[in-house]
Amino acid sequence: MSAEFKHRHAAHCESGTVANLLNHHGLPIGEPMAFGLGGGLSFAYLPFVRIQEMPLIAYRVPPRAIIRGVRKSLGVHFRIERFSSMAAGEARLDALLDQGQVVGLQTSVYWLPYFPEDMRFHFNAHNLVVYGREGDEYLISDPVGEHPVRCHRDDLNRARFAKGMLAPKGTLYFPTAVPGRDIAPKAIRQAIHRVAWSMLAPLPIFGAGGIRGLARSLGRMDRSRPDSLRLVGHIVRMQEEIGTGGAGFRFLYAAFLQEAARPAERPALGEFAERLMDIGDAWRAFALAAARMVKGRDSFDPPALAEHLFALAAAEKGFFAELKATVS
Amino acid sequence: MDVQDVPQDGNATLGGHRKAVYARGAGGAIVAVESAGWEAEEIVTLQAVDVFDAYAKAARARVLAGLSSPLEYWMYARRMDIATFAQSCGVWRWRIRRHFRPAVFARLSPKQLSRYAAALGVSPETLRALP
């Protein structure tokens, strides 16, 4: 009882899930295009929002924003359902699978047993695809995994109905109306414009301003406090470890810009892709310097890390201002 | 980053899995490449894992010394801080802190105990003691 489903490995769970679902419905689209049309790139530093004792740092838009963006850009209709009880959510998933439907789910990461032990943290907005069921085992295509996996009913139920911040409430979704493969040039340019606009927001918590805000916090940091090194490690985790495709989604977005040059009718986007790859390399250099300090190989030097980030903030500000002008 | 520069450090934290990263291939096309991990990631992941391991270890010592209840140990063993745990089980933080007191914990109703146990993914019997 399992539909034919082609698993494709992706960097990020949400763009991977959306791209793989759309492919299944006959719309050939890669992860970078899904990520770009969804306007996935961002930066946010919210020191007043604490998650597991650490401030919220994100290199991406909030959960479900990519699905929303893709829906808008492509005119795809997704049916999204939430459930008040585990029994109802479980029954609905089983019924959809029995109909041969392939379903996207929002789950917790922590309660998925197939995840590597060290990667299991309480993050409730992971996305994956269920494409079938055999008895009490679900057949799962988790886009951040290399291969399809299986997951027992009890474990998946727990992951779908984990509580807390961003609680999934059993959320499931699937496309119901998928248009042709042609993407309007204007839709691509608008998606790029949205990202550039948000990266230039005049606030010390979002976009290039948010990077500056984080740099200021780092520069002022008291290096004798044990929490300080933990924050430095936390920044790098959000940038590299949490399924970003490298350099906090910058490489993934560069892949999108490169691919978009032709369909968006803006050949210059190819050069922007190159520039963003270079900015991504600078993010990786920051991550390496930070990790060496965490490990104790280099002495802990917050102002030096802050310098990296100030330079990155300036680079991204210039980059997105020009990008915005190009797609306007 | 070029394809040949994609780190293949074999991170222990990935448990043998590989992840997809994007890099510039021959001819300049940016493509997804399998990576066995980057040491920089491994360092910061282990740092985050170690924080909760250390909390759990300290809580275990407090339980053995009669200063805390197994509830605190299990919370940290499940990589939760008190804010996350309070949201997961729907109990106010101050009540949870009160239930960290061994004497109060010993008198918990079976209903309250199973509520905690469900949020932590253990049986109520397991929750009563250290592993």
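Residues numbered from 1 in each chain as written. Chains lettered and ligands numbered in written order. Predicted model: local features only at pLDDT ≥ 70, side-chain atom pairs only at ≥ 80, totals over all residues.

Student: Any chance you could break down the overall build of chain B for me, citing the residues and the numbers?
Tutor: When helices and strands are tallied, chain B shows 7 helices and 2 strands. Secondary structure elements in chain B, listed N-terminal to C-terminal, are β-β-α-α-α-α-α-α-α. Its C-alpha atoms give chain B a radius of gyration of 21 Å, clearly above 14 Å, the size a compact globule of 131 residues would have. In terms of its C-alpha atoms, chain B occupies a principal-axis envelope of roughly 70 × 25 × 25 Å. Sorting the 131 residues of chain B into buried and exposed places 37% on the buried side. When contacts within chain B are restricted to residue pairs at least 6 apart in sequence, long-range pairs at least 24 apart make up 48% of them. (Helix = DSSP H or I, 4+ residues; strand = E, 2+ residues; numbered from the N terminus. Rg over C-alpha atoms; globule rule 2.2 N^0.38 Å. Buried ≥ 20, exposed ≤ 12 C-beta atoms within 10 Å, placed from the backbone. Contact = placed C-beta atoms within 7 Å.)

Student: I'd love a proper account of the domain arrangement of chain A, names of residues and values included.
Tutor: Much of the literature gives interface size as the accessible area that the parts lose upon coming together. All names here are of chain A. Entries for chain A in the domain assignment read domain 1 (13–37 + 77–177) and domain 2 (185–327). With 5 residues, helix α2 (residues 31–37) is the single largest residue contributor to the side of domain 1 that touches domain 2. Broken down by class, the residue content of the side of domain 1 that touches domain 2 amounts to 6 nonpolar, 1 polar and no charged. (Domains from an automatic or database assignment. Nonpolar A, V, L, I, M, F, W, Y, C, P; charged D, E, K, R; others polar.)

Student: Go over the environment of Phe320 of chain A with me, naming the residues and quoting the values.
Tutor: Inspection of the secondary structure assignment puts Phe320 of chain A in helix α11 (residues 302–327). Excluding anything up to four places from it in sequence, Phe320 of chain A contacts Ala196, Met199, Leu200 and Ala208 of chain A.

Student: Give me the lowdown on the confidence of the model for chain A, citing residues and values where you can.
Tutor: Residue-level pLDDT values for chain A average 95, and 99% of them are 70 or greater. Per-element averaging of pLDDT across chain A places helix α3 (residues 65–74) of chain A at the bottom with 93 and helix α9 (residues 250–260) of chain A at the top with 98. (pLDDT = per-residue confidence, 0-100.)

Student: Before we move on, can you summarise the domain arrangement of chain B with the specific residues and values?
Tutor: With domains assigned, chain B is organised as domain 1 (3–37) and domain 2 (42–127). Taking only C-alpha atoms, the centre of domain 1 of chain B and the centre of domain 2 of chain B are 37 Å apart.

Student: Explain helix α6 (residues 110–120) of chain B to me, using residue names and the numbers behind them.
Tutor: Residues and elements named next belong to chain B. The set of residues buried in α6 consists of Tyr116, Ala117 and Ala119. Along the long axis of α6, the arc covered by the buried residues comes to 165 degrees, so they all point the same way. Turned more than 90 degrees off the buried face of α6, the exposed positions are Pro110 and Lys111. Where α6 is buried, its residues touch α2 (70–77), α3 (82–89) and α7 (124–127). (Arc of directions from axis to C-beta.)

Student: Just give me the short version of the interface of chain B and chain A, but keep the residues and values in it.
Tutor: In this complex, chain B contributes 32 residues to the contact, which on the side of chain A involves 42 residues. Elements with a minimum of two residues in the side of chain B that touches chain A: β1 (19–24), β2 (30–35), α1 (39–64) and α3 of chain B. When residues in the side of chain B that touches chain A are grouped by element, the largest group, 9 residues, is from α1 of chain B. Across the side of chain B that touches chain A, the residue classes tally to 16 nonpolar, 10 polar and 6 charged.

Student: Got a sec to walk through the sheet that holds strand β4 (residues 103–107) of chain A? Specific residues and values, please.
Tutor: Residues and elements named next belong to chain A. Strands sit in the order β3-β8-β4-β5-β6-β7 across an open sheet of 6 strands; the sheet is antiparallel. Lying at the two open borders of the sheet, with one neighbouring strand each, are β3 (77–81) and β7 (149–152). Strand-to-strand, the axes of this sheet are offset by a mean angle of 40 degrees, without reference to chain direction. Relative to strand β5 (residues 126–134), β4 runs antiparallel, the two sharing 5 bridges. (Pairing = 2+ DSSP bridges. Axes fitted to C-alpha atoms, helices over the stretch in contact; angles between N-to-C directions.)

Student: Requested: an account of the pairing of strand β2 (residues 54–60) of chain A, with residues and values cited.
Tutor: Regular strands have side chains that alternate between both faces of the sheet. Residue and element names in this part refer to chain A. In this structure, strand β1 (residues 41–51) lies alongside β2, joined through 6 bridges in antiparallel fashion. Its bridge partner lying in β2, Tyr45 is registered against Ile57. With antiparallel pairing between neighbouring strands as the criterion, β1 and β2 make up a hairpin whose turn holds 2 residues, including Gln52 at a positive phi of roughly 50 degrees.

Student: Run through the nonpolar core, naming residues and quoting values.
Tutor: Residues and elements named next belong to chain A. Judged by nonpolar contacts, the single largest core of 115 residues is most densely connected at Val130, Phe251 and Ala290. For this core, the leading source of residues is helix α10 (residues 269–295), giving 12 residues. Setting aside anything within four residues of it in sequence, one finds Ala290 in contact with Val232, Ile235, Val236 and Leu305. (Core = buried A, V, L, I, M, F, W, Y, C linked by C-beta atoms within 7 Å.)

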